[in-house]
Amino acid sequence: MVAASPTPVRPDRIRPIGLPVIDLTRKRSDVVDLIVRASEELGFFKVVNHGVPRHVVANMEAEAFAFFAQPPPEKLKAGPPNPLGYGYKNIGFNGDTGEVEYLLLHTNQASINHRSKTISEDPNKFSCTVREYVEAVKDLAVEILEMVGEGLRLTDPKKLARLIRDGESDSVFRLNHYPSLISTTTTTNNNGTVDKDNNNNSSGRDMSSQQGWCNVVNGGGVSVKGVVGFGEHSDPQILTLLRSNDVVGLQISLGDGLWAPVSPDPDSFCVNVGDALQALTNGRFISVRHRAMVNPYRSRLSMVYFGAPPLHARIAPLPETVTAQTPSLYRPFTWAEYKKAAYSLRLSHSRLDPFRTVADFVDNDDDDDHRNGFHGLNHL
Ligand SMILES: C=C1C[C@]23C[C@@]1(O)CC[C@H]2[C@@]12CC[C@H](O)[C@@](C)(C(=O)O1)[C@H]2[C@@H]3C(=O)O
Ligand SMILES: O=C(O)CCC(=O)C(=O)O
Ligand SMILES: [Fe+2]
């Protein structure tokens, strides 16, 4: 019997492109235009001079690194994720995995206080640090959404921002740690002497396995290997604000197997349009597909705020985005309904498709057809 040859996987290609960086201290009307343009064209931009105090970010980063540096038994006390809590390698409930460990928290203060008890030996300090960070980043997300409201010329320009400002908002906060592939690295410190960096692979797992490796062709057309930390997906919420340390890893999908690396800048925030904002804008803004790769040499830490509406909030295309030429693409749904559907699907799935008004094409089965332009018929 002849063994079937494996289906060839088209290698992903890396295409470095200039991604939008928006200085929030520029003239407001310019900032509004730049935000709208980036959200329409890519669903992604970076913001600088954002006003989130440096010490707030530094304190959060220190707490996160301290947590992940602990031995596995200590970290496991904060798990398993339900989906909140400490998780390691498993993402969601449907078999997705990645070379990542994480803490997923609800931004509700009672929930943070409760979770902190299993996360830190000084739960008060941990919960205060998270509260300060989440408040500051939420204010930034509110500011951006108010500008989106202005840019879209909404009759109530603050309508979008109110969804995440609401005391009952279902926003979540995630700390992702991508240990480097080597457990001990040597670096040269300021004195010119050599340091051993043991903070890198503290997950206690065997990182030598080749699972999760994929072929990647870089800009010069040379095939290199990359390890996926957090696989391709879009974020379900309204707006995501991500800050990472100065280690490269985040990539934005340009479609067709092309990936744009995001250069790391600890002083900026990356902003992703999420699925809910794509629906609210009737498809005018794009919910960006992205992924995170593991850096072979240095551990990467990302701190991610996902701004979401309250569970009972109704999501439907805003009337200002629906015209005779651009009829409503999505049926109304509540955030609770959307979240439930999201958790029933795999990470890479197109979660908005089942909410489209028109009979459409989706490919939410487990093969790789969506990468080849094949689509199956959706609920007719
Ligand atoms: C596989 C899954 C993990 C996820 C829930 C889901 O079923 C599909 C979406 C995933 C995602 C991506 C963005 C955020 O990191 C996240 C918290 C979210 O809201 O949707 C995760 C979910 C998760 O890890 O629990
Ligand atoms: O860590 C990153 O850079 C990406 C993480 C991410 O996309 C997520 O947590 O949803
Ligand atoms: Fe994401």
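The name recorded for the chain in an unreviewed UniProt entry is gibberellin 2beta-dioxygenase, from Acorus gramineus. Listed under Sequence similarities (unreviewed entry) in UniProt, the entry text for the chain is "Belongs to the iron/ascorbate-dependent oxidoreductase family. GA2OX subfamily." As its UniProt record puts it under Cofactor (unreviewed entry), the chain is described as follows: "L-ascorbate".

Undergrad: Can you break down the site of ligand 1 residue by residue, with the values?
TA: As a structural note, the neighbourhood of ligand 1 is formed by 17 residues, with Arg174, Gln237, Ala342, Tyr343 and Leu345 the closest of them. In this structure, Ala342 approaches ligand 1 through a main-chain N or O atom, which is 2.9 Å from an oxygen atom. For the shell around ligand 1, the per-class residue count stands at 10 nonpolar, three polar and four charged.

Undergrad: Tell me about the site of ligand 2, and name the residues and values.
TA: The full set close to ligand 2 counts 13 residues, and Asn176, Tyr178, His290, Arg300 and Ser302 are the nearest of them. With respect to ligand 2, the side chain of His233 contributes an N or O atom lying 3.1 Å from an oxygen atom. Contacts to ligand 2 include Asp235, whose side-chain N or O atom sits 3.3 Å from an oxygen atom. Here ligand 2 loses 98% of its free accessible area of 290 Å² to cover by the protein chains. At the level of secondary structure, the elements contributing two or more residues to the shell around ligand 2 comprise strand S6 (172-178), strand S10 (223-233), strand S15 (290-293) and strand S16 (300-307). Among the residues forming the shell around ligand 2, the class breakdown is six nonpolar, four polar and three charged.

Undergrad: Tell me what's going on with the sheet that holds strand S14 (residues 269-273), and back it up with residues and numbers.
TA: Judged by pairing direction, the sheet is mixed, and its eight strands sit side by side in the order S2-S3-S14-S11-S16-S6-S5-S4 without closing on themselves. Among the strands making up the open sheet, the edge pair consists of strand S2 (21-23) and strand S4 (85-91). The average angle at which neighbouring strand axes cross in this sheet is 25°, direction not considered. Across three bridges, the pairing between S2 and strand S3 (residues 44-48) is parallel. Looking across to S3, one finds that Ile22 is bridged to Val47.

Quick notes on the rules
- Residues numbered from 1 in each chain as written.
- Chains lettered and ligands numbered in written order.
- Predicted model: local features only at pLDDT ≥ 70, side-chain atom pairs only at ≥ 80, totals over all residues.
- Heavy atoms only, no water.
- UniProt positions renumbered as here; feature names shortened; annotations may be inferred.
- Near = heavy atom within 4 Å.
- Polar contact = N/O pair within 3.5 Å; in protein donor to acceptor, adjacent residues only side chain to side chain.
- Nonpolar A, V, L, I, M, F, W, Y, C, P; charged D, E, K, R; others polar.
- Areas by Shrake-Rupley, 256 points an atom, 1.4 Å probe, with all protein chains shown as cover.
- Helix = DSSP H or I, 4+ residues; strand = E, 2+ residues; numbered from the N terminus.
- Pairing = 2+ DSSP bridges.
- Axes fitted to C-alpha atoms, helices over the stretch in contact; angles between N-to-C directions.

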